[in-house]
Amino acid sequence: MIGSANGRPVSITGLGCEVPERIVTNEDIAEIVDTSDEWIVSRTGIRERRLAEPGTLAMSDLALPAAREALAQAGVAPAEIDVLIVATVTPDMAFPSTAAIVADQLGMPDAAAYDLSAGCTGFMYAIAQAYGMLAAGLSRKALVIGGDVLSSIMDWTDRSTLVLFGDGAGAVVMEQVDEGGFLGFELGADGGGGDTLWLPGSGSRTFEDPERFIKMNGREVFKFATRVMVTSAEAILDECGKTMDDVDVYVPHQANIRIIDHAARKLGVPREKIVVNVDRYGNTSSGSIPLALADAATDGRLRPGKLVLMTGMGAGLTWGSALMEWTSETEGIREAA
Ligand SMILES: CC(C)(COP(=O)(O)OP(=O)(O)OC[C@H]1O[C@@H](n2cnc3c(N)ncnc32)[C@H](O)[C@@H]1OP(=O)(O)O)[C@@H](O)C(=O)NCCC(=O)NCCS
């Protein structure tokens, strides 16, 4: 799916994020499985990640503070939100949706609320959906939350996946604006690659192995990621009549610094335009892009008029890009922690 925005202008007006307090370093991971700081840094760029103490945090616990911060920054009261989407693969439970739980906790009596599952691309899918509803006039103010408590589905004996992931969430308020905002979206999915990154046993299909952990073919996902991070970005730039030179801030999904570097090299993005925080958070799935947006806001890169390119990819296999002209002052956003 690809399209340039031709409805009412819609933008992000508030931004918030949340990560667990507990910092887990590569040395800590090396005490659990056979790995080393040197291997993890050189193959992934990750130095530490935030992981909840087992059993202590659910998705709504991260979503709630992130949402409160985004609402405060936008100056929007919870009751004004008419649609809340939570992009996650680790909802509190299958139902009720985490979105319904969060809507109730925040006091959003009139909001439609639902969860969305698109792997690590969930946040991209969710902002595209919210854009569509806002631009068409179906919604007036939307809250989109992306995040995961991946520690709840990680195999703590599997070094090939344990080193990669972290917990975290981010939230954005989206509203109609006078001008600027989203220019377009490109989203896609290839279910044929679904079993290269999956969570067998997490739904209605029965599997022989009763363990419910992330399973991944790292090399295949790496090949997929390096391809779609480039093709998706090129497609949306082309669709919107822009080039990489026009882009001020590049916000790629934070899975592996080698994937980010590869995409940036192919796309011709200079280092200073790239937002990188995979070293501090690892891969936080749907939390990755909003956490990176919060970092860019904190370091002063997200200013009104700046052209921002976001590209995500993940389980499904899915991918998605959005191009937008940033419209709000984001001073006062705190770094996640
Ligand atoms: C997982 C990933 C970091 C592995 O890096 P890689 O360079 O492809 O490494 P390989 O899988 O080829 O493994 C190389 C060796 O390191 C070993 N290895 C794997 N994980 C290791 C670890 N944590 N510590 C030490 N050694 C490890 C392997 O066993 C292999 O050893 P061998 O050569 O003796 O068989 C990389 O493939 C990747 O990032 N893939 C994409 C994953 C991703 O982004 N998933 C989420 C998408 S949203």
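Residues numbered from 1 in each chain as written. Predicted model: local features only at pLDDT ≥ 70, side-chain atom pairs only at ≥ 80, totals over all residues. Heavy atoms only, no water.

Helix α10 (residues 288-298) sits mainly inside the fold: 10 of its 11 residues count as buried. If you check which residues of α10 are buried, you get S288, I289, P290, L291, A292, L293, A294, D295, A296 and A297. Looking one or two residues beyond α10, the residue adopting positive phi is G300, at roughly 85°. (Buried < 20%, exposed > 50% of the residue type's maximum accessible area, 1.4 Å probe, protein only. Helix = DSSP H or I, 4+ residues; strand = E, 2+ residues; numbered from the N terminus.)

Further remarks concern the nonpolar core. Grouped together as the largest cluster of nonpolar side chains are 46 residues, with contacts concentrated most on M244, Y250, L309, M313 and L323. In terms of residue count, the dominant contributor to this core is helix α7 (residues 218-239) (nine residues). Not counting chain neighbours up to four residues away, the residues in contact with M244 comprise L237, Y250, L267, G268, V269, K273 and L309. Core analysis: the second largest hydrophobic core is formed by 40 residues, F123, L187, V249 and A296 among them. (Core = buried A, V, L, I, M, F, W, Y, C linked by side-chain atoms within 4.5 Å. Contact = heavy atoms within 4.5 Å.)

As a further point, take unusual backbone geometry. Residue F95 is joined to P96 through a cis peptide bond whose omega torsion reads 0°. Along the chain, P96 turns up in the loop between β5 (83-87) and α4 (98-106). The omega torsion of the bond from G316 to L317 falls at -5°, within 30 degrees of zero and hence cis. In this structure, L317 sits in the loop between β13 (307-314) and β14 (318-325).

This next bit is on the packing of α7 against helix α8 (residues 257-267). Each pair of packed helices can be summarised by the angle the axes make with each other and by the distance between the axes. Following both chains from N to C, one finds α7 and α8 inclined at 35°, their axes separated by 9 Å at the closest point. When you trace α7 past α8, the crossing you get is right-handed. Contacts between α7 and α8 involve F222, A225, T226, M229, V230, A233 and E234 from the former and R258, I259, H262, A263, K266 and L267 from the latter. Tallied by class, the residues present in the contact of α7 with α8 amount to eight nonpolar, two polar and three charged. (Axes fitted to C-alpha atoms, helices over the stretch in contact; angles between N-to-C directions. Left-handed = near helix turned anticlockwise from the far one by under 90°. Nonpolar A, V, L, I, M, F, W, Y, C, P; charged D, E, K, R; others polar.)

So far we have only geometry, and geometry alone does not tell us how the molecule works.
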